[in-house]
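# Summary of structural features
Okay, here's what each chain looks like letter by letter:
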Amino acid sequence: NNLMKGLPLLSLLTWMCAVYFVGIYLFVSGFLLVRLEVNRTSTCGDVLEPGEEPVDFCRVQPRFRRVVLLIIDALKIDFARFDPSNTTPRQFENKLPVLEETVSSWPSHSRLYPFRADPPTTTMQRIKGFTTGSLPTFVDVGNNFASSAILEDNLIHQFGQVGKRVVFMGDDTWESLFPKKFYRSLPFPSFNVKDLHTVDNGILQHLYTTMVGNDWDVLVAHFLGVDHCGHRFGPDHPAMADKLTQMDGVIRSVIDRLQNDTLLVVMGDHGMTDTGDHGGESQKETDAAIFLYSPVPLFLGSMSQSEPDVVPQTDLVPTLALLLGVPIPYSSVGQILLPLFPPHGQTEGAVGGLSQLEALWINAKQVNRFLETYSSMAKDIPPDSLSQLKDEFSRLSSEYLTTVREGQLPSPELAASLQAYLTSVRDTCRATWARFNPFKMGAGLAILAFACLMCFILSELSTVLIGQNGPGMKALVVMGLTVVVTVAAGQLLIQGYVEVAWCLAAAAFSSELHFLWRAHRSRMSAVAKNGSKAPKWVSWLTPRRLLIPPLLVPLLRCASLLSDSYVIAEGRVVTFLVFSLALYIPIHLNWNGLLLPPSHDPLKSAGLLPSSALSPSTVRKESSTLLACLGLLISSLYLSLSFHSCREEQGSCQPSPFISPLSRLQDSQLKNLHYILSVVSLAIWTYLLRRCLRHYGNLNSSSGTVFTARWILPLLSVCLGLHWAVSATPEDSFRNLTELISLAQLALPRAAFCLLGLGLFLIWLDPLTVFVKTKTGASARSSLPPRYRASTGISPQAELHHLIPQIYQRMCRSLDDGELSVGSEVDGRPAVEAYGLGTVYSAPLLLFCGLLGIGLLLLHPEGMALSFLLLLLEMGFCTLLIYSHLVLPSGGFNVPWTPIVLWSLAATQFFHATGHLPTFPSIQWGAAFVGFPDGHIGTILPGSLVTLNTFAAQIMFAVGCPLLLFWPLVCEVRGSRGGKAFREEGEDAVMEMRLRENPQQFSSALLQLSTRYLFIHGAQVFASVCAAAILRRHLMVWKVFAPKLMFEASGFLVSSMSVLIGVTLVLRVDQAVGCWFKRLIPDISR
Amino acid sequence: MWDHEIKAMASAHAIIASSIFMATVVPAVLVPGFSVYGAHLLWLYSVSGAVTVASVGVFWLLGVTPPSKKHTLGYKLSRFFRSCLYFILSCLFFHTVVVLYGAPLIEFALETFSLAVLLTSLTTLRCLCVLGPNVQAWIRVFSRHGAMSVWDTCLQITVACTLVGAWVGAFPIPLDWDRPWQVWPVSCSLGAMIGFLTGLVAAPSWIHYHRKQLTYKCK
Ligand SMILES: [Zn+2]
Ligand SMILES: [Zn+2]
């Protein structure tokens, strides 16, 4: 029934986390657009027309042999238009007259269209868009998560397949997207936005000479100057005029050098806003320009034919593919640009060209094939529109085939309906993939905001809520379920299908409101019960209460998530904040007059200071302990800075040498040094844990936990050390031992995993570390009843009350190293000694953390052992600091904000100090292969290994969170201030048993601690969600903010799970202690 | 109650502030190409020197410094040398703290040390002037009931303002704006200076408005 007592606590926390998860899920599903990549490529055989004799499509003479693609980054359609009537043009207007001149003088050779991009309008996504013909999303789920290379079928790949030589020059993004795909490539750095000319001048040095040469078929030149000029100065700036004029000259020179078999495409990848940025979905950002020109007539149809108003960017892919005679890339959803193809029956004018209808047919067939493949892989396209599209295609295809077979002249309606089919496919896909969903984003934001508020209220009202028979979890759950069913039924009635996201949103929201209402009510009743004692709503939310430094620091941290520079420098920023908070502690103590011993001036020590009762020597000792801890904390913080890794945005940064695995080190001496350092750190880690447990007498009994500490922990360390040694051995050094080494590489980590599992299981199974020893007195008068018989006859509750202090009294004397008590029994009666009862809660938790830490270390590069040791030390110093910070325990066991903030920021800080970064390329994929060198079959196991590796720091700190609650009680025994105060009240030091005496306060303190921890992490998630939502058209959104959001959200997920694990473990210990007492009392005293 | 002292404090602060002003203007006239950003170290030294001279002079004239018990020359000399020692130690202390806060360890050592000198001359020097070379007293002053005169309260306010200013001054450094004042340690020293000037204004006015509530046990 002890666990039952913990049940409201656990369920409340679980519900809290669930609400957060729903909020995150809603936002992310509205913000991150996900599409599956189809890993299939088109081949020349695919495009055969049925009914005719087989012809190799790629062998047929295409309309054009060569193409020049001039991409002018951020060439907005407004820049390309020319208005002669505009006498006072702005800086960006009328600067590209060449386009208008060409169009008006050779109308059948050239056209200028608006070229509409699909959001996100960032360069990399756009390049993906107009080479694959697909609609890129943030997460293109495929097998290239770690690298940015495009593995989906694309134009460049198809050009390569048919042997066209692709020459590329310009923005080096292309080089990372298409590594080794170019015949020749001249990439120039694109990173520095302030640099307007490097890329452009680099291209211009080579462009013309390449063009006149004959060793190319496709020439891609990507100019960046206009885009960078926009970012730096905005469009309406003289620099932009200069840049556009330069581009005008470039286009002129290229046109002059064009040959008859070459097509020229000048285009922008996206537009820009009035401030020169892009990334979002406003028309200013999406509408770029496309200009097509050829020295031979290009537009053969009659001028009366309908011209498109706007050309979607996806349409470039099939158009170029068919004009150049390559198959359309597999996943393209574009449709051909019809005016570029001659109408049926007029193909004679163009050599080897396809007629409009033929091209449309090939296009439609390819799109239909893609749609079938995609819908068999993913279910995100609504099924009713999918079946509609299928029916439409089969109707059109039978109509087309009969037309061709009977040799009739096709009706113009057929072309129109083929076009309509292609358009509706694209619209369906776009609706599925390429739109932010503002409603879901808004709902997610609202739920998260309320969740943070709730978390805060819960932490402030924990006593009231736990005290009043739980916060009504049943009502919350019933409420949530009712709302889910209602909303689902409503959706079924109205829409015909259920959208899970909205059901969850409604449930979360209603339960939040219900909770707030309940909290309000219970506070009211609390106020009614004990007058003004309960906190008031208003009094929490005043700036005076909220702007204290421990809350100011997380506020700053959250604010820093809104700036890309701070996110990039996150590791240092968090260290700075942790350091500031650590320094705040002694300053705050001194401000309260607790750091220095009170002066001996009788006038001043007249009871003004609460600690004046303490002797100066105690104060001095405590202060020096505090300062020493602080110094060590700060130095471990500072040292941990040297384990940071580097983002690509941090130009001059050098990644830590400890991040790369030992096997990559060449210098054998250095290798040995690193190995020894790592092993020594591991040994210190193990030693410290065991020393700590032994110090508090937790290694005496024969329980599972003690077995773990005695045997499994050292064995695990040995395993890890051996594993490092084996994996660092160069492969060619022991040829005859190769098999043994590979066996060891497999067996050692697996053995470590098993040991870890066994250890954790044993801790869970038998968490008690108490050793009871009944000792007879020296005079051996054992016939006398033991002392605690005195309480016989009283209720068990009271008995418990008497028993515990007595056990403690004995135990205190025998604390150090579990030695037998030195003091002789005064009355010679037998006494009970319970070793390790004082740390009965923290010992298993500490051991759990320690084991877990070694397990997580296994997944890291060897050098991280040092960093993990620093982590352990920092955890220790943090807890020590808190204890000093809590000068006088005031009634409950509440942990103040400062240590919790310190603790949770330290988690983020060590995320960086273990070599991680919130970017996808920095994920340490090697962790998935620890113990599985040959790879995996499924995805769950490697996924969880990588998750454990990435969020190791979050896991450690979250699981260890309850230590913050226990430590002040543990320290009580050391003749401390708190202990002194208690002893003077005539009580015994009972350390953590104090928690058992006040189960109500215990659970409320535990609740408060975990909700405060969750609040700080939740606030960070909320801040990064806000950043992603507000800055969704920022230049850095897909590079900085979106990955940060993903990491923050998954970090929160992992942290909250770990908090739950930690709390559950504490409750399990509580239950075990309860059972133990039950066994003890009847056995001895009845 | 302390009208006289508040007036004295205000005028002392005015003198110190004007010395900072002079330390900025005079080199601008004398040294060609001088600017606060461009020749930042020079500005730092000139300001530190000016503040040092002005503070020592003003506090000596006002007689705030606790009178030494013995009047022998030797005692005075030892007091002077201890003050100098504390000054240097304080520079080293600030240097260490700034490095721990994330300043580069080797690369900009001179810049960091100059910032430490500035911070010392804005904070520690004041402590030396008001309290004498007595670290215990310094630590005591910065507690809720530690101030024993208007000057102690004033010291609390100015030192806190200066340090908070320097702390806030570190915020713009990571931003990618590429401004001249983001170069290490310009923003921090400017922050400290602005904080100090704020403190100079804030201390007398705060004391003036709270003179009813202020009670000092001694004095
Ligand atoms: Zn671009
Ligand atoms: Zn751009």
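The rules behind each value
Residues numbered from 1 in each chain as written. Chains lettered and ligands numbered in written order. Predicted model: local features only at pLDDT ≥ 70, side-chain atom pairs only at ≥ 80, totals over all residues. Heavy atoms only, no water. UniProt positions renumbered as here; feature names shortened; annotations may be inferred. Helix = DSSP H or I, 4+ residues; strand = E, 2+ residues; numbered from the N terminus. Rg over C-alpha atoms; globule rule 2.2 N^0.38 Å. Buried < 20%, exposed > 50% of the residue type's maximum accessible area, 1.4 Å probe, protein only. Pairing = 2+ DSSP bridges. Contact = heavy atoms within 4.5 Å. Axes fitted to C-alpha atoms, helices over the stretch in contact; angles between N-to-C directions. Buried area = accessible area lost by both parts, 1.4 Å probe. Salt bridge = Lys/Arg side-chain N within 4 Å of Asp/Glu carboxyl O. Polar contact = N/O pair within 3.5 Å; in protein donor to acceptor, adjacent residues only side chain to side chain. Nonpolar A, V, L, I, M, F, W, Y, C, P; charged D, E, K, R; others polar. Donors = N, O, S within 2.8 Å, 3.2 Å for Na, K, Ca; no water. Parallel < 35°, antiparallel > 145°, perpendicular 65-115°, else oblique. Left-handed = near helix turned anticlockwise from the far one by under 90°. Phe/Tyr/Trp six-rings, centres within 6.5 Å; stacked < 30°, edge-to-face > 60°. Tetrahedral: all angles 85-135°; square planar, octahedral: opposite > 155°, others 65-115°. Expected span 1.5 Å × (residues − 1). Core = buried A, V, L, I, M, F, W, Y, C linked by side-chain atoms within 4.5 Å. Domains from an automatic or database assignment. Disulfide = S-S within 2.5 Å.

Named according to an unreviewed UniProt entry, chain B is Phosphatidylinositol glycan anchor biosynthesis, class F originating from Mastacembelus armatus. Listed under Subcellular location (unreviewed entry) in UniProt, the entry text for chain B is "Endoplasmic reticulum membrane". A UniProt comment under Pathway (unreviewed entry) is attached to chain B, and it reads "Glycolipid biosynthesis; glycosylphosphatidylinositol-anchor biosynthesis."

The name given to chain A in an unreviewed UniProt entry is GPI ethanolamine phosphate transferase 3, catalytic subunit, with Mastacembelus armatus as the source organism. As stated in UniProt under Sequence similarities (unreviewed entry), the record for chain A gives "Belongs to the PIGG/PIGN/PIGO family. PIGO subfamily." As recorded by UniProt, the Pathway (unreviewed entry) comment attached to chain A reads in full: "Glycolipid biosynthesis; glycosylphosphatidylinositol-anchor biosynthesis."

### Comments concerning the overall build of chain B
Counting its regular elements, chain B contains eight helices and zero strands. Order of helices (α) and strands (β) in chain B, N terminus to C terminus: α-α-α-α-α-α-α-α. The C-alpha atoms of chain B give 18 Å as radius of gyration, which agrees with the globular expectation for 219 residues (17 Å, within 12%). With the principal axes as the frame, chain B shows a C-alpha extent of 50 × 40 × 35 Å. Expressed as a percentage of its 219 residues, the buried residues of chain B come to 47%.

### Observations concerning the sheet that holds strand E5 (residues 166–171) of chain A
Residue and element names in this part refer to chain A. Strand order in this open sheet of eight strands is E6-E5-E7-E2-E8-E9-E3-E10, and the pairing throughout is mixed. Each edge of the open sheet carries a strand with a single partner, namely strand E6 (184–188) and strand E10 (311–312). As defined by bridge partners, strand E2 (residues 66–72) adjoins strand E8 (residues 262–267) across six bridges and the pair is classed as parallel. Its bridge partner lying in E8, Arg66 is registered against Thr262. Against the sheet, helix H7 (residues 198–212) engages E2, E5, E6 and strand E7 (218–223), with an angle of about 160 degrees to E7.

### Side note on the interface of chain A and chain B
In this assembly, 22 residues from chain A lie in contact with 24 residues from chain B. In total, chain A and chain B occlude about 2,200 Å² of area from one another, counting both sides; carbon and sulfur atoms represent 67% of this. Remark: the boundary between chain A and chain B carries zero salt bridges. On the surface where chain A and chain B come into contact, there are eight residue pairs in polar contact (both at pLDDT 80 or more). Secondary-structure elements contributing two or more residues to the side of chain A that touches chain B are helix H22 (564–568), helix H23 (570–591) and helix H24 (616–640) of chain A. Among the elements that line the side of chain A that touches chain B, the one with the most residues is H23(A), at seven residues. Grouping the constituent residues of the side of chain A that touches chain B by class yields 12 nonpolar, six polar and four charged.

### What to know about the coordination of the zinc ion (ligand 1)
Residue and element names in this part refer to chain A. The protein atoms that coordinate the zinc ion (ligand 1) are Asp73 (OD), Asp73 (OD), Thr123 (OG1), Asp269 (OD) and His270 (NE2), at distances of 1.9 to 2.6 Å. Between the zinc ion (ligand 1) and the zinc ion (ligand 2), the interatomic distance is 4.4 Å. For the pair shown, Asp269 and His270 are each scored as buried.

### Overview of the packing of helix H2 (residues 40–62) of chain B against helix H4 (residues 109–122) of chain B
All names here are of chain B. Contact geometry of H2 with H4 gives a least axis separation of 9 Å together with a crossing angle of 20 degrees. The pairing of H2 with H4 is recorded here as roughly parallel in orientation. Note that H2 runs across H4; the crossing there is left-handed. Counting all contacts with H2, which are made through Leu41, Leu44, Tyr45, Val47, Ser48, Val51 and Thr52, the residues of H4 involved are Leu110, Glu111, Ser114, Leu115, Val117, Leu118, Ser121 and Leu122.

### Observations regarding the packing of aromatic side chains
Pairs of aromatic rings are described using the distance from one ring centre to the other and the angle between the two planes. Residue and element names in this part refer to chain A. Scanning all chains against the criterion turns up 38 aromatic pairs over all chains. Ring centres of Trp903 and Phe957 lie 5.2 Å apart, and the angle between their planes is 80 degrees; this geometry places the pair in the edge-to-face category. With Trp903 in helix H31 (residues 897–913) and Phe957 in helix H33 (residues 952–959), this residue pair connects regions lying 54 residues apart in the sequence. When sorted by exposure, Trp903 lands in the same class as Phe957, which is buried.

### Some words on the coordination of the zinc ion (ligand 2)
Coordination of the zinc ion (ligand 2) by the protein comes from A:Asp227 (OD), A:Asp227 (OD), A:His231 (NE2) and A:His278 (NE2), over a distance range of 1.9 to 2.4 Å. Coordination geometry of the zinc ion (ligand 2): the four donor atoms subtend angles of 59 to 150 degrees at the metal centre, consistent with an arrangement described as irregular.

### What to know about helix H9 (residues 238–257) of chain A
Given a rise of 1.5 Å per residue, 20 residues ought to cover 28 Å, and the 29 Å separating the end C-alpha atoms of H9(A) matches this to within 8%. Burial in H9(A) covers these residues: A:Ala239, A:Met240, A:Ala241, A:Lys243, A:Leu244, A:Met247, A:Asp248, A:Val250, A:Ile251, A:Ser253, A:Val254 and A:Ile255.

### Here's the deal with the pattern of salt bridges
All names here are of chain A. Counted by the stated rule, this structure contains 20 salt bridges over all chains. Here Asp215 ties to Arg184 by a salt bridge, and the two come within 3.8 Å at their closest N and O atoms. Here the residue Asp215 occupies a position in the loop between H7 and E7, and Arg184 occupies one in strand E6, the gap between them amounting to 31 residues. Of the residues examined, Asp215 reaches a relative accessible area of 28% and is grouped as partly exposed. For Arg184, a relative accessible area of 32% gives the class partly exposed. Residue Asp248 pairs with Arg252 through a salt bridge whose shortest N-O separation is 3.0 Å. Here Asp248 and its partner Arg252 are both found in helix H9, four residues apart, which amounts to about one turn of the helix. With a relative accessible area of 7%, Asp248 lands in the buried category.

### Things to note about the UniProt feature "transmembrane region" (unreviewed entry) in chain B
Residues and elements named next belong to chain B. Mapped onto this numbering, the UniProt entry gives "transmembrane region" (unreviewed entry) at residues 12–30, 42–63, 84–106, 112–132, 153–171 and 183–207. This span, residues 153–171, is 89% helix and 0% strand, and a straight line between its end C-alpha atoms measures 28 Å. Taken end to end, residues 183–207 comprises 88% helix and 0% strand; its first and last C-alpha atoms sit 36 Å apart.

### Some words on the nonpolar core
All names here are of chain A. Counting residues in hydrophobic clusters, the biggest one holds 253 residues, and the most contacted among them are Phe31, Phe515, Phe957, Leu965 and Tyr1013. Of all the elements, helix H38 (residues 1037–1085) adds the most residues to this core, at 21 residues. Taken domain by domain, the makeup of this core includes at least three residues from each of domain 1 (6–32 + 438–539) and domain 4 (548–598 + 614–770 + 838–978 + 986–1083). Ignoring any residue separated from it by four or fewer positions in sequence, one finds Phe957 in contact with Leu871, Met875, Trp903, Ala906, Ala907, Phe910 and Tyr1013. Counting 74 residues, the second-largest nonpolar core is a separate cluster that includes Phe57, Ile150, Val218 and Val311.

### Regarding the side chain of A:Thr908
Residues and elements named next belong to chain A. Counting through the fold element by element, Thr908 comes out in helix H31. When its relative accessible area of 5% is taken as the criterion, Thr908 is described as buried. With sequence-adjacent residues up to four places away left out, Thr908 is seen in contact with Arg557, Glu570, Val574 and Gln1020.

### Structural notes on the state of the cysteines
For the coordinates displayed, the defined rule picks out one disulfide over all chains. Through a disulfide, A:Cys646 is tied to A:Cys653; the S-S separation comes to 1.8 Å. Residues A:Cys646 and A:Cys653 are joined by a disulfide whose S-S torsion is about -65 degrees; by sign, that bridge is left-handed. The structure places no disulfide on B:Cys129, whose sulfur is separated from the nearest cysteine sulfur, that of B:Cys127, by 9.2 Å.

### Thoughts on the pairing of E2(A)
All names here are of chain A. Taken across its seven residues, E2 has seven buried, putting it largely inside the fold. Of the two faces of E2, both are covered, the one formed by Arg66, Val68, Leu70 and Ile72 as well as the one formed by Val67, Leu69 and Ile71. In this structure, E2 lies alongside E7, joined through six bridges in parallel fashion. Note that in E7 the partner of Val68 across the bridge is Leu219.

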